[in-house]
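Chains, contacts and geometry: an overview
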Amino acid sequence: MIIKILGLLDLISATILLFGELLPNRALFYAGMYLCIKGFFFGRMGDIASWIDLLVGVYVFAFAIFNLEFGMLTIVALIYLYQKALFSFV
């Protein structure tokens, strides 16, 4: 059950990143905070994918705070988050 909830939150975070230019920075900030907390918590248990979540969360923070967006990096982050959400529902 928890995997589906985390997958849904990953899906929401990816959608927020996709529409980041249109949404308020607060939404990006919360999505980045979620990814960083989740990545740090599960990364301490040795999960490599969670460390990638932490990196994506830092990128989302940079996008929210400093308005730094790199097109290819955003696409890679979106693909990663969407596929992770998809696998959690399967």
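All of these numbers come straight from a predicted model, not from anything done at the bench.

Section: the nonpolar core
- Among the nonpolar cores identified, the biggest contains 17 residues, and Ile 16, Leu 17, Leu 28, Leu 35, Val 56, Val 60 and Leu 81 are the most heavily contacted of them.
- Secondary-structure elements contributing two or more residues to this core are helix H1 (2-18), helix H2 (25-43), helix H3 (48-66) and helix H4 (71-89).
- The contacts of Val 56, once residues within four sequence positions are left out, are Leu 35, Ala 77, Tyr 80 and Leu 81.

Topic: the confidence of the model for the protein chain
- Mean pLDDT for the protein chain: 92, with 100% of residues reaching 70 or above.
- Within the protein chain, no element has a lower average pLDDT than H3, which sits at 92, and none a higher one than H1, at 95.

Focus on the packing of aromatic side chains
- Counting across every chain of the model gives 3 aromatic pairs.
- Centroid distance Phe 41 to Phe 42: 5.0 Å. Interplanar angle 80°. Geometry classified as edge-to-face.
- On the accessibility criterion, Phe 42 (28% relative accessible area) is partly exposed.
- Pairwise contacts between aromatic rings join Phe 29, Tyr 30 and Phe 61 into one cluster.

What to know about the pattern of salt bridges
- Throughout the structure, instances matching the rule amount to 3 salt bridges.
- Salt-bridge contacts for Asp 53 lead to Lys 38; the nearest nitrogen and oxygen are separated by 3.0 Å. Of this pair, Asp 53 sits in helix H3 while Lys 38 sits in helix H2, and the two are 15 residues apart along the sequence.
- One salt bridge in this structure joins Lys 84 and Asp 53, with 2.3 Å as the shortest N-O distance. Residue Lys 84 is located in helix H4, and its partner Asp 53 is located in helix H3; the two are separated by 31 residues in the primary sequence. Summarising the burial analysis for this pair, Lys 84 and Asp 53 share the class buried.
- Several salt bridges converge on common partners, so that one network encompasses Asp 10, Lys 38, Asp 53 and Lys 84.

Observations regarding the environment of Leu 18
- Mapped onto the elements, Leu 18 comes out in helix H1.
- Separated by 59 residues in the primary sequence, Leu 18 and Ala 77 have C-alpha atoms spaced 9.6 Å apart.
- In contact with Leu 18, not counting residues within four places along its chain, are Leu 78 and Tyr 82.

Basis of the calculations
Residues numbered from 1 in each chain as written. Predicted model: local features only at pLDDT ≥ 70, side-chain atom pairs only at ≥ 80, totals over all residues. Heavy atoms only, no water. Core = buried A, V, L, I, M, F, W, Y, C linked by side-chain atoms within 4.5 Å. Buried < 20%, exposed > 50% of the residue type's maximum accessible area, 1.4 Å probe, protein only. Helix = DSSP H or I, 4+ residues; strand = E, 2+ residues; numbered from the N terminus. Contact = heavy atoms within 4.5 Å. pLDDT = per-residue confidence, 0-100. Phe/Tyr/Trp six-rings, centres within 6.5 Å; stacked < 30°, edge-to-face > 60°. Salt bridge = Lys/Arg side-chain N within 4 Å of Asp/Glu carboxyl O.

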